[in-house]
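Reading the structure
Listed below, chain by chain, are the residues.
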Amino acid sequence: MARNSYQSRLIELEEDVLYLSELVAERVRFALEALEEKDDAKAQEVIEGDHEINSIYLELEKDCIDLLALQQPVAGDLRFITASFKIITDLERIGDLATNLAGYAIDAEKDVYPEVDIRRIGDAALDMVDQAMDAYESEDSELCRSVAERDDDIDTMCSNASQTVVRDLMTGGDFEGDGDLEPEEFLIDVRRLLLTIRDLERIGDHAVNVAARTLYMIDNDDSLLF
């Protein structure tokens with residue numbers, strides 16, 4: 001492999017990773033809109049698009065393996081390729097979580113506990129992903145640390161949301177159901193809400209993973225990996 005061709009492939013790899021991140025972020029955004037608007041068509045679009053994310057992920061995985069095997073990179077190039085390899089895995093898993101969210105939007109009978117602001121939590125988690133990818137693109141180590149610092153905020157938001165639901169159930173607030181929902185249907189929707197909160201927290205966790213891998217790529221600093 002000629003050196004200029006090798007450098008071109010590194011540039012293409014970065015561009016493709018960034019494209020995958022944009023696609024994944026779009027799917028998360030659509031899923032959040034589907035949850036908020038009870039839009040089954042938008043949710044179905046997210047679910048049906050999951051195969052595209054998986055296909056791009058597999059292509060990028062192969063590109064990373066080829067670069068490692070054929071060029072045997074060292075130092076900065078090695079860190080860039082291995083970090084990109086790990087980052088696309090986190091992005092693919094965020095895509096899976098977007099599919100989960102879309103499924104909850106389709107299956108939910110009613111918007112239970114509207115005081116739990118799912119969109120606010122989701123937007124915050126998605127902003128962490130965008131910030132982590134900005135750090136990857138610009139090689140900004142301080143931005144990586146900023147993403148990691150925001151993880152506690154997302155964890156607190158998710159914990160407070162879950163506690164709001166559980167506390168109300170334990171005190172019997174809405175246990176008998178809500179509106180036209182039977183108690184069993186109501187509790188199934190509550191379970192979906194709790195799973196939604198959990199998956200949004202996981203999106204934030206994956207954003208931190210991206211930031212940690214990026215910091216290692218930039219500075220050979222593994223402090224956020226553990």
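Shown above is the structure to which this text applies.
As a starting point, this report considers the structure included with it. (Residues numbered from 1 in each chain as written. Predicted model: local features only at pLDDT ≥ 70, side-chain atom pairs only at ≥ 80, totals over all residues. Heavy atoms only, no water.)

**Some points on a negative patch on the surface**
So the rule is basically this: Like charges are joined within 9 Å and nonpolar side chains (Val, Leu, Ile, Met, Phe, Trp, Tyr) within 5 Å, but only among residues with over 30% relative accessible area and no salt bridge; these make up the patches. Each accessible area is a Shrake-Rupley estimate made with a 1.4 Å probe; only the visible protein chains count as cover when residues are assessed. Here, a salt bridge means any Lys or Arg side-chain nitrogen found within 4 Å of an Asp or Glu carboxyl oxygen. When charges are counted, neither His nor the chain ends are considered; positive counts come from Lys and Arg and negative counts from Asp and Glu. Where a charge lies is defined by one atom per residue type: Lys uses NZ, Arg uses CZ, Asp uses CG and Glu uses CD. The secondary structure listing takes helices from DSSP runs of H or I that are at least 4 residues long and strands from runs of E that are at least 2 residues long, numbered from the N terminus.
Together, D40, D107, E109, E182, E184 and E185 give the surface a local cluster of negative charge. Position of E109 relative to the elements: it lies in the loop between helix 4 (75-107) and helix 5 (118-138).

**Let's talk about the packing of helix 6 (residues 141-170) against helix 7 (residues 183-219)**
Each pair of packed helices can be described by the angle between their axes along with the distance between the axes. Operational definition: Working convention: axes come from line fits to C-alpha atoms, limited for helices to the stretch in contact. Angles between N-to-C directions cover 0 to 180 degrees. For classification purposes, an angle smaller than 35 degrees is called roughly parallel, one larger than 145 roughly antiparallel, one from 65 to 115 roughly perpendicular, and anything else oblique. In a left-handed crossing the near helix is turned counterclockwise from the far helix by less than a right angle, and in a right-handed crossing that turn is clockwise.
With their axes 9 Å apart at the nearest point, helix 6 and helix 7 run at an angle of 170° to one another. Considered as vectors, helix 6 and helix 7 are oriented roughly antiparallel to each other. Note on packing geometry: the crossing formed by helix 6 with helix 7 is left-handed.

**So, the pattern of salt bridges**
Rules: Relative accessibility under 20% of the residue-type maximum defines a buried residue, over 50% an exposed one, and the middle range a partly exposed one, all with a 1.4 Å probe and only protein chains included.
Per the counting criterion, the structure on display carries 13 salt bridges. Here R29 ties to D130 by a salt bridge, and the two come within 3.9 Å at their closest N and O atoms. Of this pair, R29 sits in helix 1 (residues 3-37) while D130 sits in helix 5, placing them 101 residues apart in sequence. Note on D130: relative accessible area 28%, which makes it partly exposed. R119 serves as the salt-bridge partner of E36, at 2.7 Å between the closest nitrogen and oxygen. Of the two residues, E36 sits in helix 1 while R119 sits in helix 5, which places them 83 residues apart along the sequence. Here the residues in one salt-bridge network are E26, R27 and E52, joined through shared partners.

**Details of the environment of L32**
Rules: Any pair of residues with heavy atoms lying within 4.5 Å of one another is described as a contacting pair.
Assignment of secondary structure puts L32 in helix 1. Residues L32 and L101, spaced 69 residues apart in sequence, show a C-alpha to C-alpha distance of 7.3 Å. If near-sequence neighbours (up to four positions away) are discounted, L32 is found in contact with I118, R119, G122, D123 and L200.

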